[in-house]
Amino acid sequence: MTASVGPTTFDAAGDEPEFKSLCDQARDLAENGHLTRAAQVYEQVVEGGSRRYLPMAAMGLAVVRHDMGEVAAARAAARQAIDTGHPEYAPRAAYHLALSYEQEGAAEQAAAAWRAVLDSGHSRYAPAAHHGLAKLAEDRGDTAAAEDHWRQALDGAAPDIAAEAAHDYAARLLARGRADEAAEVIRRGLELREDPGLRLLLGAVHVEHAISAFGAVVAEAETDPEGGGARVAPEVAGGAVELLARLLAVRGDTVSAEGVWDSGLRHRDPATAAEVRARLRRGFLAPEPGPADAEDGRGADEPEAWWEPYVEAAVAQGSAPMLTGELFVALNQMYTHLALPLAQGESRAGELLRALEDAVRTPSEYVWGRALHDDFRERLRLAAGTGADVLPEGWPDQG
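Here is what the cut-offs are and how they apply
Numbers given to residues run from 1 along each chain, matching the order in which its sequence is written. Owing to the predicted nature of the model, reporting of local features is limited to residues with pLDDT of at least 70; listing and counting of side-chain atom pairs is limited to 80 or more, with chain, interface and lining totals taken over all residues. As a rule here, side-chain values come from all non-hydrogen atoms in the structure, and water together with hydrogens is ignored. By definition here, a salt bridge exists when the distance from a side-chain nitrogen of Lys or Arg to a carboxyl oxygen of Asp or Glu is within 4 Å. Strands are runs of DSSP state E lasting at least two residues, helices are runs of H or I lasting at least four, and both sets are numbered from the N terminus onward. Buried Ala, Val, Leu, Ile, Met, Phe, Trp, Tyr and Cys residues that are joined via side-chain atoms within 4.5 Å together make up what is termed a nonpolar core. Each residue is placed in one exposure class: buried if its accessible area under a 1.4 Å probe, protein chains only, is under 20% of its type's maximum, exposed if it is over 50%, and partly exposed if it falls in between. Every residue pair with non-hydrogen atoms within 4.5 Å of one another is taken to be in contact. The pairing test for Phe, Tyr and Trp rings, Trp by its six-membered ring, is centres within 6.5 Å, and the orientation test on the planes gives stacked under 30 degrees, edge-to-face over 60, and tilted for anything in between.

Let us look at the pattern of salt bridges. For side chains of opposite charge, pairing can occur when their charged atoms come near one another. Tallied over the entire structure, the rule returns 36 salt bridges. Between E43 and R65 there is a salt bridge; the shortest N-O distance is 2.5 Å. With E43 in helix α2 (residues 35-47) and R65 in helix α3 (residues 54-67), this pair connects stretches of sequence that are 22 residues apart. Residues joined by salt bridges that share partners form a network here, namely E242, R246, E275, R279 and R282.

Core analysis: the largest hydrophobic core is formed by 40 residues, its most contacted members being Y42, V45, V46, A57, L61, W114 and V117. Counting residues per element, the ones that place at least two in this core are α1 (17-31), α2, α3, α4 (71-83), α5 (89-104), α6 (107-119) and α7 (126-139). Considering every element that reaches this core, the biggest residue donor is α3, with seven residues. When residues no more than four places from it in sequence are discounted, the contact partners of V46 are L54, A57, A58, L61 and Q80. One finds A137, A166, Y169 and A170 within the second-largest nonpolar core, a separate group that totals 21 residues.

For the rest of this paragraph, the subject is the packing of aromatic side chains. Counted according to the given criterion, the structure contains eight aromatic pairs. Judged by centre distance (5.6 Å) and plane angle (25 degrees), the rings of F376 and W395 are stacked. Of this pair, F376 sits in helix α18 (residues 369-384) while W395 sits in the segment after α18, placing them 19 residues apart in sequence. One aromatic cluster is present, formed by W306, W307, Y310, Y366 and W368 through successive ring pairs.

Structure representation (structure tokens):
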């Protein structure tokens, strides 16, 4: 970042062409990756007693030393540039020093450097300093001071700084539940520069407004009407529950999302609860046709599939990808147990039996494994027609 600077007392020492040439040489070396040599040339200027080119050389040396990973030396050079009071290079050096301390997490030193930027009176760097001080104030919990710095960072800032400050500030406002204020900050940022990050946050603001609207419908549906019956039509209440839960999950609040689903499933109005369950189960495998005298279309003599509670819970908790991953891992393990002896042409009965046992026991390590084993036990008992268990207790892990 550069700025044109008019005549100052730093020009009084004359042109000093040899020092100007050295600064140009050092800059070219640095731009071409010759950092060590650039640092040496900048040091010649710093130690040469040039009043006019000392600020430029010290600032250049600070940048080069930082790029070389010599943090202490870079900071010493930056302070030397700051001490010159030069109207351009002193605030630039303070800016560089503040960023260095921010990266290290040294809040007090970073704040002092940002204040040095403000003290320089350079308007171009002031918004960045206010941005830095706003973040530091937020981190220490001083929201009042932070908001003052946020406002000054946004007022009259260069477009790139304004967009970054608006993004940071709006994100913090959203995290505090102040969506309307966040929207206003985003609007101000977008007036100065189009920014995809701000557009994304604007979408998040709309999500928060939608969550609020759907939450109001759900709350109304849960209100106990004086005359009995449903206060909100089941399809409206069910739709609000689904949309609220899914948006909460998108926001990352899976605990609240699960709670919304659970409350909807336990709604005192059976029709509303059935609507919520139908929406939760959207896309599930349809059961085989049976006597259709149950509210959800399931046959009266048709039991729920053993896996359905786990799928329902996964959808409500936003953990369906995890459950899917578990199922594919288990399938891969079972396939390996069975396919390996087949591929090797195994013919020994004991080895083949062991492979079958390993495959059948694979689900046992998962939460849903016991339900699968119990379901098979029950189906085998019904198929035998004896009314008694065919398998021993603890099968397949213990028998």
